[in-house]
Amino acid sequence: MKNRLKVLRAERDWSQQELAAQLGVSRQTINAIETEKYDPSLPLALKIGKLFGQCVEKIFTLDGVSSSEGDEPIALPAHEEPR
Amino acid sequence: MLSVLLHRMRKAAKDAEKVAHTVEEHRQVYGTRLLIRGLLWVSIFMLSRGLLEMDFGPAWLRVVVALFPVPFFIWYLWTWFNGAAAMDELQRRIELEALGFAFPATAVYLMTIGLLDLAITLPPEDFSLHHIWMFLPIAYYAGLWRAKRRYE
């Protein structure tokens, strides 16, 4: 999963430590997310979205899916439609 | 308007720094406690083992000496559980991956020792229960090192 966390943090001139503190996680967690070694949990992703005032899909995107594609709901294949 | 915004951002950064200290301090305190209690437990274990190898006293006293390290180990585990409860999600994942490595590694180790013992009868002074349990913490710390490296 790709993300724009580093860019958003740089825009606000925050250090990893400052961002980590606002989210209640360690600096290592922020570093691991920024370097895309770790995908945050949904609650943490939502917290990040709230902190930066953006929806989660604008910050986190699946590999190979652009953020504009992410605006559209993903259509499930027929066999995966909810019953 | 801009100055108000800047003031708010500075305040947010200051508040963030305060919490950061809490998060980082917690990790340091937890790590130090774990190390001190771990060393205390290992020291008591070595003392008990040394005494038992001297073949002293009646059987009931030897049982007491053999059980003496147990509360210290429980204290160590209690510290570990408390620390894990206050960890953030990545730290918990690292701990889980360390245990996920240690458990199968220990299973393979014990299975191999068991089969080798059947094959060639391993010397008990090197491969008895007195010694082989030490592989468990070694496997855990090896798993911890491996998992930490993955997310660095």
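Quick caveat: nothing in here was measured; it's all calculated off a predicted structure.

Caption draft 1: Up close: the overall build of chain B. The helix and strand inventory of chain B stands at 7 helices and 0 strands. Beginning at the N terminus, the succession of helices and strands in chain B can be written as α-α-α-α-α-α-α. When the 152 residues of chain B are sorted by exposure, 8% land in the buried category. Long-range contacts, defined here as pairs at least 24 residues apart, represent 75% of the contacts in chain B between residues at least 6 apart.

Caption draft 2: Quick peek at the overall build of chain A. Broken down by element type, chain A carries 6 helices and 2 strands. The linear arrangement of helices and strands in chain A, starting from the amino end, is β-α-α-α-α-α-β-α. Counting only residues that meet the buried cut, chain A has 23% of its 83 residues in that class. In chain A, the share of contacts with a sequence separation of at least 24, taken over all contacts with a separation of at least 6, comes to 45%.

Caption draft 3: Representation of the environment of Glu 89 of chain B within the structure. Assignment of secondary structure puts Glu 89 of chain B in helix 4 (residues 89-120). Residues Glu 89 of chain B and Arg 33 of chain B, spaced 56 residues apart in sequence, show a C-alpha to C-alpha distance of 21 Å. Discounting chain neighbours no more than four positions away, the residues touching Glu 89 of chain B are Ser 41 and Leu 44 of chain A.

Caption draft 4: Broad picture of the domain arrangement of chain B. Per the domain assignment, the segments of chain B are domain 1 (23-87) and domain 2 (88-152). Once you take the C-alpha centre of each, domain 1 of chain B and domain 2 of chain B turn out to be 19 Å apart.

Caption draft 5: Up close: helix 2 (residues 16-23) of chain A. Residues and elements named next belong to chain A. The element helix 2 is largely enclosed, with a buried count of 6 among its 8 residues. Those residues of helix 2 that fall on the buried side of the exposure criterion are Glu 18, Leu 19, Ala 20, Ala 21, Gln 22 and Leu 23. Gly 24 occupies a position one or two residues after helix 2 and carries a positive phi of about 70°.

Caption draft 6: Structural context of unusual backbone geometry. All names here are of chain A. We note that Asp 13 has phi near 60°; this positive angle belongs to a residue other than glycine. Of note, Glu 36 is a non-glycine position whose phi angle comes to about 60°, a positive value. Tracing the chain through its elements places Glu 36 in the loop between helix 3 (27-34) and helix 4 (42-52).

Caption draft 7: View of the confidence of the model for chain B. Averaged over every residue, the pLDDT of chain B is 84; the share at 70 or more is 84%. Scored as a complex, the prediction yields pTM 0.72 and ipTM 0.74.

Caption draft 8: Quick peek at the packing of helix 4 of chain B against helix 7 (residues 135-150) of chain B. All names here are of chain B. Where helix 4 contacts helix 7, the two axes come as close as 7 Å, and the packing angle between them is 140°. The angle between the axes of helix 4 and helix 7 places the two elements in the oblique class. The two elements helix 4 and helix 7 meet at a crossing, and its hand is right-handed. The residues of helix 7 that touch helix 4, namely those facing Ile 94, Glu 97, Ala 98, Leu 99, Phe 101, Ala 102, Ala 105, Thr 106 and Tyr 109, are Phe 135, Leu 136, Ala 139, Tyr 140, Ala 142, Gly 143, Leu 144, Arg 146, Ala 147 and Lys 148. Here the residues of the contact of helix 4 with helix 7 are counted per class, giving 14 nonpolar, 2 polar and 3 charged.

Caption draft 9: Broad picture of the nonpolar core. Counting residues in each nonpolar core, the largest one holds 20 residues, and the members touching the most others are Leu 19, Ala 20, Leu 23, Ile 30 and Ile 33 of chain A. Those elements giving two or more residues to this core turn out to be helix 2 and helix 3 of chain A together with helix 4 and helix 7 of chain B. The contact partners of Ile 30 of chain A, leaving out residues within four places of it in the chain, are Gln 16, Leu 19, Ala 20 and Val 25 of chain A.

Caption draft 10: Broad picture of the environment of Ile 74 of chain B. Residues and elements named next belong to chain B. Along the polypeptide, Ile 74 turns up in helix 3 (residues 69-85). Taking the C-beta count within 10 Å as the criterion, Ile 74 has 11 such neighbours and is therefore assigned exposed. For the pair Ile 74 and Arg 37, spaced 37 residues apart in sequence, the C-alpha separation works out to 10.0 Å.

Caption draft 11: The arrangement of the environment of Ser 26 of chain A in detail. Relative to the helices and strands, Ser 26 of chain A resides in the loop between helix 2 and helix 3. Residues Ser 26 of chain A and Asp 39 of chain A, 13 residues apart in the sequence, show an inter-C-alpha distance of 14 Å.

Reading guide: rules and limits
Every residue gets a number counted from 1 within its own chain, in the order that chain's sequence is written. All chains are assigned letters beginning with A, and all ligands numbers beginning with 1, in the order in which they are written. Under the rules for a predicted model, residues below a pLDDT of 70 receive no local features and side-chain atom pairs below 80 are neither given nor counted, while totals for whole chains, interfaces and linings still include all residues. Helix numbers and strand numbers start at the N terminus; a helix is a DSSP run of H or I with at least 4 residues, a strand a run of E with at least 2. Counting other C-beta atoms within 10 Å of its own, a residue is labelled buried from 20 upward, exposed at 12 or fewer, and partly exposed in the gap between, with every C-beta atom placed from the backbone. Throughout, a pair of residues is in contact if the C-beta atoms placed from their backbones lie within 7 Å. An automatic or database domain assignment supplies the residue ranges for each domain. Confidence scores per residue from the predictor, reported as pLDDT, run from 0 to 100. As a rule, the C-alpha atoms of each element are fitted with a line to give its axis, helices using only the stretch in contact, and angles between N-to-C directions run from 0 to 180 degrees. Here the angle decides the label: under 35 degrees means roughly parallel, over 145 means roughly antiparallel, 65 to 115 means roughly perpendicular, and every other value means oblique. Put simply, a crossing is left-handed when the front helix is turned counterclockwise from the back one by less than a right angle, and right-handed when it is turned clockwise. By the convention adopted, Pro, Cys, Tyr, Trp, Phe, Met, Ile, Leu, Val and Ala count as nonpolar, Lys, Arg, Asp and Glu as charged, and the other residues, Gly among them, as polar. Joined through C-beta atoms within 7 Å, a set of buried Ala, Val, Leu, Ile, Met, Phe, Trp, Tyr and Cys residues constitutes a nonpolar core.

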